[in-house]
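Chain and residue survey
What follows is the residue order along each chain.
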Amino acid sequence: MHTLKFIAEGDSAILIGPPGTGKSHVAKAIAYAAVRSSLRVLYAEADEALGRLAFAAPAEKRKLMKPFIDADLLVFDDLFLARRLPPECADTFQSILHQRYKLRRSSLITSNRVMDDWHTFLGDAALTTAVLDRLLHRSVLVEFRGKSYRLKEAASRLAKGNHSE
Ligand SMILES: Nc1ncnc2c1ncn2[C@@H]1O[C@H](COP(=O)(O)OP(=O)(O)O)[C@@H](O)[C@H]1O
Ligand SMILES: [Mg+2]
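The sections below set out a description of the structure shown in this document. What you see is a predicted model; the values in this text were computed from it and never measured.

A few words now on the packing of helix α5 (residues 87–102) against helix α7 (residues 125–137). At a minimum axis distance of 10 Å, the contact between α5 and α7 shows a crossing angle of 30°. Considered as vectors, α5 and α7 are oriented roughly parallel to each other. Crossing of α5 over α7 shows left-handed handedness. For the pair formed by α5 and α7, the contact residues are Ala 90, Phe 93, Gln 94, Leu 97, His 98 and Tyr 101 on the first element and Leu 127, Ala 130, Val 131, Arg 134 and Leu 135 on the second. Each residue belonging to the contact of α5 with α7 can be placed in one class, and the counts come to 8 nonpolar, 2 polar and 1 charged.

This is the structure:
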């Protein structure tokens with residue numbers, strides 16, 4: 001399938017844009033299509049997964065990291081959602097991307113944060129350069145724009161007088 005070509009070629013994809021513009025929707029659709037064609041896919045909420053990996057005991061960490069390296073497609077959804085990553089998480093992120101890059105495995109990252117600000121959220125300029133260098137070498141960068149679908153959905157619920165959910 002056309003959308004899966006970038007995975008076969010080991011390219012990465014970065015989806016950037018404001019909240020509610022459909023980044024996770026597209027990321028999950030790609031992940032689903034990849035699963036359907038028998039690829040190994042790991043989908044994770046980025047900040048939460050990095051926290052779990054970074055602060056695990058060393059032996060546990062090796063075990064937890066393996067699927068993040070082995071997957072044909074790794075989806076890191078909503079990177080830098082909350083705030084700046086602690087240094088341990090930034091290092092783990094760098095290490096995962098570096099290993100996947102060497103193995104030519106595809107990573108898909110979604111984020112609300114424009115790349116110009118990533119150094120702030122990773123907390124280290126050299127590390128950010130290393131990350132972006134690998135990510136951008138073979139990748140598709142897609143910018144999401146426009147109004148939030150979530151706000152549109154909420155507005156139409158209000159208009160219908162249905163305030164639940
Ligand atoms: N192309 C689309 N058409 C209709 N609804 C969409 C579309 N893309 C996303 N949505 C809906 O809009 C909401 C926000 O989308 P989401 O992918 O979570 O945004 P983001 O990850 O950019 O914050 C979700 O409820 C999702 O189902
Ligand atoms: Mg999202």
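Compared with the 20 Å implied by 1.5 Å per residue over 14 residues, the 20 Å span of helix α2 (residues 23–36) between its first and last C-alpha is a close match. For α2, every residue scored as buried is listed here: Lys 23, Ala 27, Ile 30, Ala 31 and Ala 34. Along the axis of α2, the buried positions cluster into a sector of 100°, meaning they face one direction only. Facing away from the buried side of α2 by more than 90 degrees, the exposed set consists of Ala 29, Tyr 32 and Arg 36. Summarising the contacts, the buried residues of α2 are in contact with α1 (5–8), β1 (12–16), β2 (41–45), β3 (73–79) and β4 (106–111). A positive phi of about 65° marks Ser 38, the residue just after α2.

At a closest axis distance of 9 Å, the pairing of helix α3 (residues 46–54) and α5 adopts a crossing angle of 100°. Comparing the axis directions of α3 and α5 gives the class roughly perpendicular. Residue-level contacts link Leu 50, Gly 51, Leu 53 and Ala 54 of α3 to Glu 88, Cys 89, Thr 92 and Phe 93 of α5. Among the residues forming the contact of α3 with α5, the class breakdown is 5 nonpolar, 2 polar and 1 charged.

A few words on the site of ligand 1. Every residue lining ligand 1 is accounted for by Gly 17, Pro 19, Gly 20, Thr 21, Gly 22, Lys 23, Ser 24, His 25, Phe 144, Tyr 149 and Arg 150. Mapped onto the shell around ligand 1, the elements with two or more residues apiece are α2 and α8 (149–160). The element that contributes the greatest number of residues to the shell around ligand 1 is α2, accounting for 3 residues. When its residues are assigned to classes, the shell around ligand 1 shows 3 nonpolar, 6 polar and 2 charged.

Reading the values: the criteria
- Residues numbered from 1 in each chain as written.
- Chains lettered and ligands numbered in written order.
- Predicted model: local features only at pLDDT ≥ 70, side-chain atom pairs only at ≥ 80, totals over all residues.
- Axes fitted to C-alpha atoms, helices over the stretch in contact; angles between N-to-C directions.
- Helix = DSSP H or I, 4+ residues; strand = E, 2+ residues; numbered from the N terminus.
- Parallel < 35°, antiparallel > 145°, perpendicular 65-115°, else oblique.
- Left-handed = near helix turned anticlockwise from the far one by under 90°.
- Contact = placed C-beta atoms within 7 Å.
- Nonpolar A, V, L, I, M, F, W, Y, C, P; charged D, E, K, R; others polar.
- Expected span 1.5 Å × (residues − 1).
- Buried ≥ 20, exposed ≤ 12 C-beta atoms within 10 Å, placed from the backbone.
- Arc of directions from axis to C-beta.
- Near = placed C-beta within 6 Å.

All quantities given are derived from atomic positions and should not be read as evidence of function.
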